[in-house]
Every structure is written in C-alpha cells, then in structure tokens.
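The residues making up each chain are set out below.
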Amino acid sequence: MEAKQIYDGHADLWVRQDPILLSDYSARPRVLELCGDVQGLTALDLGCGEGYVGRQLARKGAASVEGHDVSEGMIAGAKKTADTLGLDHLTYAVSDLRKADFGDPENPVDLVIAVFLFNYMDAASMLRILKRVRAVLKPEGRFIFTVPHPMLPWIKPAEKPFYMRPVGGYLSSTDVPFPGRIWRRDGASVEVQAVHKTFTTYFSSLAAAGFTHMPHVEELHITADHVALDPEFFGPLTDLPLHVAFSLQP
Ligand SMILES: C[S@@+](CC[C@H](N)C(=O)[O-])C[C@H]1O[C@@H](n2cnc3c(N)ncnc32)[C@H](O)[C@@H]1O
C-alpha cells in the first residue's frame, strides 16, 4: 500500500503533543539529543508527518523548520497544530519526496532530519533523496535519520507493541514492503511499513550519495526507565534493537 493511503487513512491517530506512541519513547527523544543545540538553526524535516519532531526543534530554538510529507492529512494536522500554538516559523508542504525536490542548494540548511521516512520507499528513491540532502546541507551541517532495525522482522514476533512481519529472507528481500504495526500507550495502534533494506544497503547508499564521513550509528531500544514507567507496555521489548539512528555530516 502507498504511504499516502496509509497516512491519510489515520492521520488523526498520529496527532499528538506529548509522547504516546512507542517510538515517541524509543526513538524520537534520541533523535532530538543527536540534533544537539539547535538554537538559531535552519532545518528540513523530511517525512515530517503531523510535525511532532519539528515542533520540538522549534521549541528548542530552531530558527525555521520546513516540513515535507506526502500525506495531505498529516500536513493538515501539522499546520493546524502550528497555527494553534502560534509557531509561525514552521512551514509545511505536501510533496512526494521520491520525485519532488526539496530545499535550495543556493541556500543550504544546518540540519536535515528524516524520522522513519526511508522505510516507505525503495533503495533507488532513498538514494535520490540522500543525494539531494547532500546538496542542500551546509558542509558543517548534520543529517539525522531513523529507520526500523533491519533485523527486527526476524527477531520479534508479530505482537504488540511493535512488529514488522517479514515477507522473504533478510538478504533476498531488499525493496520488499513488510507490513507492520506500532501501538500507542492508550491501546490504539497504527499501521506502518518497512520497505526492507539491509545494513549494507544503507551504508552503500550513503557512499553512493557522496557522504564521506563515517556516520555515527545507534541501535535504538527501550530502557529500564521505560519498563519501570509501564511494565506491561514496554516489558516485551526488553533487550531488542527496535530502530536504527544514523547521524552524519556531508
Ligand atoms: C512513521 S511516519 C513518521 C512521521 C514523523 N517523521 C514523525 O516522526 O512523527 C512516516 C511519514 O513519512 C511520510 N512519507 C512516506 N513516504 C513519503 C514520501 N514518498 N514523501 C514524503 N513523505 C513520505 C508519511 O506520509 C508519514 O507521515
């Protein structure tokens, strides 16, 4: 299924001000830490969804955050929340990043984030975006992206609060879409997708796009504090790598 269909279908379940989805605990706080001090920085948020991460960059002092997403429903939610909160340095555009250009190489930005975007496209589309990221990022800028952990479909049963169901083998299924689901702590769940890519694909794509610095890579997971907060929800995820964060300079 196309990402636009998935996200237009349940955009309302994504709209949130406070952490509620599993990945609001297991991934997004770490993305914000990796962004570091964003005071006065210009940022692009690729696959911004309803704007949860971009709003936090704005709260931490980013000068501007430009969000792009293929889902009209998600962008409508992002704009509504920004209007309500009076965050007028947040701007949004509906665009399919597999085809549309973003940013301006003549006016490069300090920071690009892509939080769970690349799991909705094949490796060729990801490579096209990676090349554009390099073109629109300042030489001293930073690029941070997260994806589901490539091994997760094989090591985590298809149960709550997060799973990706494998359709084929680890090495032979590059570019095959795997269906998945992620839960919120209130019991609601949303459909997600992982177009499978191996670690080799991520690293070779970064090199093919012209990135020359060694990326900082982290396998993201829940912590003992999460389990203490809500043992029933987080407990089943103990000791599992859930997502991967890449942080790099051009
Ligand atoms: C898992 S959501 C994450 C949203 C947001 N980054 C966050 O962390 O809350 C993935 C988002 O990627 C968007 N997306 C998927 N494919 C896209 C594409 N080709 N172009 C732009 N956005 C896309 C979806 O519409 C969805 O909003």
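Residues numbered from 1 in each chain as written. Predicted model: local features only at pLDDT ≥ 70, side-chain atom pairs only at ≥ 80, totals over all residues. Heavy atoms only, no water.

Student: Quick rundown of the site of the ligand? Include the residues and the values.
Tutor: The local shell around the ligand holds 22 residues, among which Arg28, Gly47, Asp69, Asp96 and Leu97 are the closest. Within the side chain of Arg16, an N or O atom sits 3.4 Å from an oxygen atom of the ligand. Ser95 places a polar main-chain atom, nitrogen or oxygen, 3.5 Å from a nitrogen atom of the ligand. Taking 590 Å² as the accessible area of the ligand by itself, protein coverage stands at 98%. Residues of the shell around the ligand, tallied by class, amount to 13 nonpolar, four polar and five charged. (Near = heavy atom within 4 Å. Polar contact = N/O pair within 3.5 Å; in protein donor to acceptor, adjacent residues only side chain to side chain. Areas by Shrake-Rupley, 256 points an atom, 1.4 Å probe, with all protein chains shown as cover. Nonpolar A, V, L, I, M, F, W, Y, C, P; charged D, E, K, R; others polar.)

Student: I'd like to hear about the packing of helix 7 (residues 123-136) against helix 9 (residues 199-208), residue by residue, with values.
Tutor: The geometry of helix 7 relative to helix 9 is characterised by a closest axis approach of 9 Å and an angle of 40° between their N-to-C directions. By the angle between their directions, the pair helix 7 and helix 9 is classed as oblique. Note that helix 7 runs across helix 9; the crossing there is right-handed. Seen from helix 7, the contacting residues are Ala123, Met126, Leu127, Leu130 and Lys131; seen from helix 9, they are Thr201, Tyr202, Ser205, Leu206 and Ala208. Taken together, the residues of the contact of helix 7 with helix 9 sort by class into seven nonpolar, two polar and one charged. (Axes fitted to C-alpha atoms, helices over the stretch in contact; angles between N-to-C directions. Helix = DSSP H or I, 4+ residues; strand = E, 2+ residues; numbered from the N terminus. Parallel < 35°, antiparallel > 145°, perpendicular 65-115°, else oblique. Left-handed = near helix turned anticlockwise from the far one by under 90°. Contact = heavy atoms within 4.5 Å.)

Student: Quick one: what's the story with the pattern of salt bridges, residue by residue and with numbers?
Tutor: Pairs may arise between side chains of opposite charge once their charged atoms sit close together. The final tally for this structure, using the stated rule, is 16 salt bridges. Residue Arg55 pairs with Glu50 through a salt bridge whose shortest N-O separation is 2.9 Å. Glu50 matches Arg55 in its accessibility class, with the two residues each being buried. Two residues, Arg98 and Asp96, come together in a salt bridge whose shortest N-O distance is 2.7 Å. Several salt bridges share partner residues, and in doing so they unite Arg16, Asp24, Arg28, Glu50 and Arg55 into one network. (Salt bridge = Lys/Arg side-chain N within 4 Å of Asp/Glu carboxyl O. Buried < 20%, exposed > 50% of the residue type's maximum accessible area, 1.4 Å probe, protein only.)

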